[in-house]
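Structural overview
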Amino acid sequence: MTPSRQTLGGLAAALVATLALAPILPKWALFLVTISLAKGLVVLGLLLLMRTGLVSFGQGLYYAIGAYAAGTAADVLKLRDALPLVLVGTAAAAGVAALLGLLLARYRTIFFAMLSLAFSMILYGLLVRTPALGSTDGFNVAARTVLGLDVAGPVGRFGAYGLTAACAFVAALGLDRFLRSRLGRLAPAVRDNELRVEYMGASVRNVVHLNLVVAAGLAGMGGALTALTVGHIDPEMAYWTTSGEFVFVAILSGTGSVAAPFAGAVLLELLRSFAYEHAPNTWQLVVGGAMLAVILFLPEGLWSLFLRRKGARA
Amino acid sequence: MSTILETAGLTKVFGAVTAASNISVALEEDSIVGLIGGNGAGKTTFLNLVTGYLAPTSGTVRFQGRDITGLAPRRITRLGICRSFQIPQVFDSLTTYENLLVGLGIVALGRKAFVGSALGDQEPEQVAEEMLERFRLREYRDAPASVLPEGVRKLLDIAMALAVKPKVLLLDEPTSGVSADEKFALMDLVLGAIRADRVTVLFVEHDMDIVRRYTQRIVAFYDGKVIADGAPAAVLADAGVRRFVVGDVTPDAAEGTC
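Residues numbered from 1 in each chain as written. Chains lettered and ligands numbered in written order. Predicted model: local features only at pLDDT ≥ 70, side-chain atom pairs only at ≥ 80, totals over all residues.

Moving on to the overall build of chain B. When its secondary structure is counted, chain B shows nine helices and ten strands. Computed over the C-alpha atoms, the radius of gyration of chain B is 19 Å, within 12% of the 18 Å expected from 2.2 N^0.38 for a compact globule of 258 residues. Principal-axis analysis of the C-alpha atoms gives chain B an extent of 65 × 40 × 35 Å. Counting over 258 residues, chain B shows a buried share of 43%. Within chain B, contacts between residues separated by at least 24 positions form 65% of all contacts whose residues are at least 6 apart in sequence. (Helix = DSSP H or I, 4+ residues; strand = E, 2+ residues; numbered from the N terminus. Rg over C-alpha atoms; globule rule 2.2 N^0.38 Å. Buried ≥ 20, exposed ≤ 12 C-beta atoms within 10 Å, placed from the backbone. Contact = placed C-beta atoms within 7 Å.)

Attention shifts here to the environment of Phe169(A). Residues and elements named next belong to chain A. Among the secondary structure elements, phenylalanine 169 is positioned in helix H6 (residues 159–180). Judged by local crowding, phenylalanine 169 falls into the buried class, with 20 C-beta atoms found within 10 Å. Separated by 154 residues in the primary sequence, phenylalanine 169 and leucine 15 have C-alpha atoms spaced 6.6 Å apart. Those residues in contact with phenylalanine 169 that lie beyond four places of it in its chain are Leu11 and Leu15.

A few words on the interface of chain A and chain B. Taken together, the 19 residues of chain A in the interface contact 28 residues of chain B. Counting residues per element, the ones that place at least two in the side of chain A that touches chain B are H6, helix H7 (186–192) and helix H8 (194–198) of chain A. By residue number, the principal contributor to the side of chain A that touches chain B is H7(A), which donates four residues. Looking at the side of chain A that touches chain B, its residues break down into nine nonpolar, four polar and six charged. (Nonpolar A, V, L, I, M, F, W, Y, C, P; charged D, E, K, R; others polar.)

Residues and elements named next belong to chain B. For chain B, the mean per-residue pLDDT works out to 85, and 90% of the residues sit at or above 70. pLDDT under 50 marks residues 113–122. Its contacts with residues more than four places away, or in other chains, come to 15 contacts. Scored below 50 in pLDDT, residues 253–258 shows ten contacts in the model against residues more than four places distant or in partner chains. Both confidence scores are given for the complex: pTM 0.88, ipTM 0.85. (pLDDT = per-residue confidence, 0-100.)

To continue, consider the pairing of strand S10 (residues 225–230) of chain B. Successive residues of a regular strand alternate their side chains across the two faces of the sheet. Residue and element names in this part refer to chain B. Across five bridges, strand S9 (residues 217–222) lies against S10 in antiparallel orientation. Counted as the bridge partner of phenylalanine 221 is valine 226 from S10. Where S9 hands over to S10, the hairpin turn is made up of two residues, of which aspartate 223 adopts a positive phi near 55°. (Pairing = 2+ DSSP bridges.)

Counted at 1.5 Å a residue, the expected span for helix H4 (residues 82–104) of chain A with its 23 residues is 33 Å, and the 31 Å between its end C-alpha atoms agrees. By the largest-angle criterion, Ala98(A) marks the main kink of H4(A), which is about 30°. (Expected span 1.5 Å × (residues − 1). Bend = angle between axes of the 7 residues up to and from the residue.)

If you want it as structure tokens, here you go:
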């Protein structure tokens, strides 16, 4: 089996398993998995950036734009189905990145990280001071239907869960294909040696710009899905701690596979839920300790456990 | 034969240092030319000027009759001039095969629409396999470039330059860092692989035996200037070249060699 076939098989199995679990899972678990997969989409974008050699501490910007664009489209355009709202959120975030990328694509390392953080904090500041968008309180977002199915119906009530799982599947598969394409292969090349990429006839800035737009689109998609799942959005989505959490998950899970961000996101949400329940005052300590352990013992992330086992078997 | 690459009055000044002074050189299509000169003579500066890494203070570079002075390296690469590096510039985390594939993929991208070809590739993979064979890199196919021996990295660096299908190839000291007994084998391999594509080659070299054996013409630099240009035997016999480049040790010449 070729690696891309293997990924397709693995992802398809994961999708089927996720969908099959829907009727059995308790409500809190459905919610937890949905939110995790939505955040996993943002981390998937970070994976692409990290493979390009960039770490963004401002993905919350696109996450919030995706959510606010979906919410605004529901209010203003009277869109009632979830799918078009998600598409609007994705496109809005990608569009903003296409513009900001003109500047961001010139920077690397800490300057890139801080500039992306600065943009996200500007949006946070704007949202907090915009009464039309609910200021600090934000506003409620709701889709009446998912792919035409009523959200109150017997199948429709799993709509957000199913849609998020389907989006995660399509995005992971698409990114995997992209990373194996001629254009996608330039990401690690840019990370390793920009001079050589230019001397082979490709524009490093265009590669970085394109990857920024893709990553932002994924973050926007995650933001829109989060908005529809939670039913409420607020400026916290653009706050730097939200962006920091995405980087946290990316490091926790590793960049070894397009499935890793989703596994990492589910794991973090589980860890946080249990830590919060059993140690409500020191849950950050538990989460921080887990991070420390990963960095010390698994610098390539949790996914490296899986790769190592596969390597041993081969 | 017609001229493919031509510089006229190429000059580069860094503050008080003149790294290139009024260099006028014309390369005939399909020829192999050696570029010699002591350290600091301006050889690498010349390559950097021709490929657009540095903008000249004055003078012009013409490629196939077109003025390419001041264009960015990637534009010049796309027109058909590529280079290898004295210190191999490879993608360390990628395998030998993937290193070649990146360059071949860029060429394939350039031919078709930018996004349309992002999916579905076939041809570059075959060419990469064929290049591994031609450059005898097969046994290193799946090894990351970071662990390759220096001589193999050197070879890969040159193969990557050739992967973008240049019409003119500039090699910056292809045999530096390669042990003396392997130099001829490396040059046989490299020039054999290159000549199959009928590429014009200019290579910078310090080993006079290599230059004498593989070139049809030699250009000698000293202190940013061309001091000799012609048939190998004539250039290597030139008094100035013997004194400043080859380094024949006569008491009054010793200071000029470094």
